Amino acid sequence: MIEIRNLYKVFGAQMILNNMSLTVRRGETKVIIGRSGVGKSVLLKNIVGLIHPDSGSIKINGTEVTNLKEKEYDRIRMEIGYVFQGGALFDSMSVGENVGFVLNEFMNLDKKTVKDKVHDALGLVGLKDVEDLMPSQLSGGMKKRVSLARVLCMEPHIILYDEPTSEVDPITAAAINHLIIELRDKLKVTSIMVTHDMNSAYQVADSIAMFYRGQVIADGKPDEIKNSKHPVVQQFIHGDAHGPITDDESLIFGHVK
Ligand SMILES: Nc1ncnc2c1ncn2[C@@H]1O[C@H](COP(=O)(O)OP(=O)(O)OP(=O)(O)O)[C@@H](O)[C@H]1O
Ligand SMILES: [Mg+2]
């Protein structure tokens, strides 16, 4: 469903994606792990065309998207839901307007249908009677859930979740994990989920890919990652302060030689 081949992305003197390849099969949930700053969000933004790669290929459902014109890309984007790391809500719009934005702007639906869909999507993320609140009146975790509801409203075939359970309490996190699994099993959604929460990762993943130095250094079933002999993977999943990953890792890797 999503096929990334030999992707490169450089920002200034920093090479973020360094010949990265990754395949996400139809209907699977691929979890991406890796240190802060390694390029997880940059990869998701490349997939939806918010950032363009320097070179390499991204195929979505068989279509090469790296050389699409904006209008053509928009058609692909309508199939992809993106739960942004920071929520990315419009500050000047109410929660209801935020969640229903795509339905109102791009789909020919009457007001009542949009209202019902917004209500249902908010219900799925455990929020009730919040339609008239403004984003500034929400907690961080509520914003995250509103962002998730906005994606659910679109009923996309592909969902990219950027840390959907950060900033939410453990019970809400468990409910979100459950929802992600349900979307896969019932609606056959294909997804990529970025997370730092290894419990979530093991729970929702069909496979887990670990990013390191601009590449995928391990990719396998949760058990395979847990039992990986790779010292970098072991250090990361156990959160060890000592090991091959050092604090100045990003500096070592960060400069194009
Ligand atoms: N638009 C941009 N312009 C310049 N540099 C950028 C841009 N976007 C991201 N970067 C840089 O790319 C690197 C990777 O950023 P990214 O947001 O992908 O990290 P991440 O792996 O998602 O980290 P975190 O776990 O903290 O969210 C960082 O060094 C960041 O500063
Ligand atoms: Mg990120």
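Residues numbered from 1 in each chain as written. Chains lettered and ligands numbered in written order. Predicted model: local features only at pLDDT ≥ 70, side-chain atom pairs only at ≥ 80, totals over all residues.

A regular strand places its side chains so that they alternate between the two faces of the sheet. Pairing analysis gives eight bridges linking strand E1 (residues 2–11) to strand E2 (residues 14–24), with the strands arranged antiparallel. By the bridge assignment for E2, Glu-3 is matched with Thr-23. What sits between E1 and E2 in their antiparallel hairpin is a turn of two residues, with Gly-12 showing a positive phi close to 55°. (Pairing = 2+ DSSP bridges. Helix = DSSP H or I, 4+ residues; strand = E, 2+ residues; numbered from the N terminus.)

As a further point, take the domain arrangement of the chain. Under the domain assignment used here, the chain contains domain 1 (2–79 + 156–254) and domain 2 (85–153). Taken together, the contact between domain 1 and domain 2 spans 12 residues of the former and eight residues of the latter. Those elements giving two or more residues to the side of domain 1 that touches domain 2 turn out to be strand E7 (158–162) and helix H7 (170–187). Looking at the side of domain 1 that touches domain 2 element by element, the count peaks at three residues for H7. Residue composition of the side of domain 1 that touches domain 2, grouped by class: six nonpolar, two polar and four charged. (Domains from an automatic or database assignment. Contact = placed C-beta atoms within 7 Å. Nonpolar A, V, L, I, M, F, W, Y, C, P; charged D, E, K, R; others polar.)

The next thing to look at is the site of ligand 1. Near ligand 1 the following residues occur: Phe-11, Gln-14, Ile-16, Ser-36, Gly-37, Val-38, Gly-39, Lys-40, Ser-41, Val-42 and Gln-85. Considering every element that reaches the shell around ligand 1, the biggest residue donor is helix H1 (residues 40–47), with three residues. When its residues are assigned to classes, the shell around ligand 1 shows four nonpolar, six polar and one charged. (Near = placed C-beta within 6 Å.)

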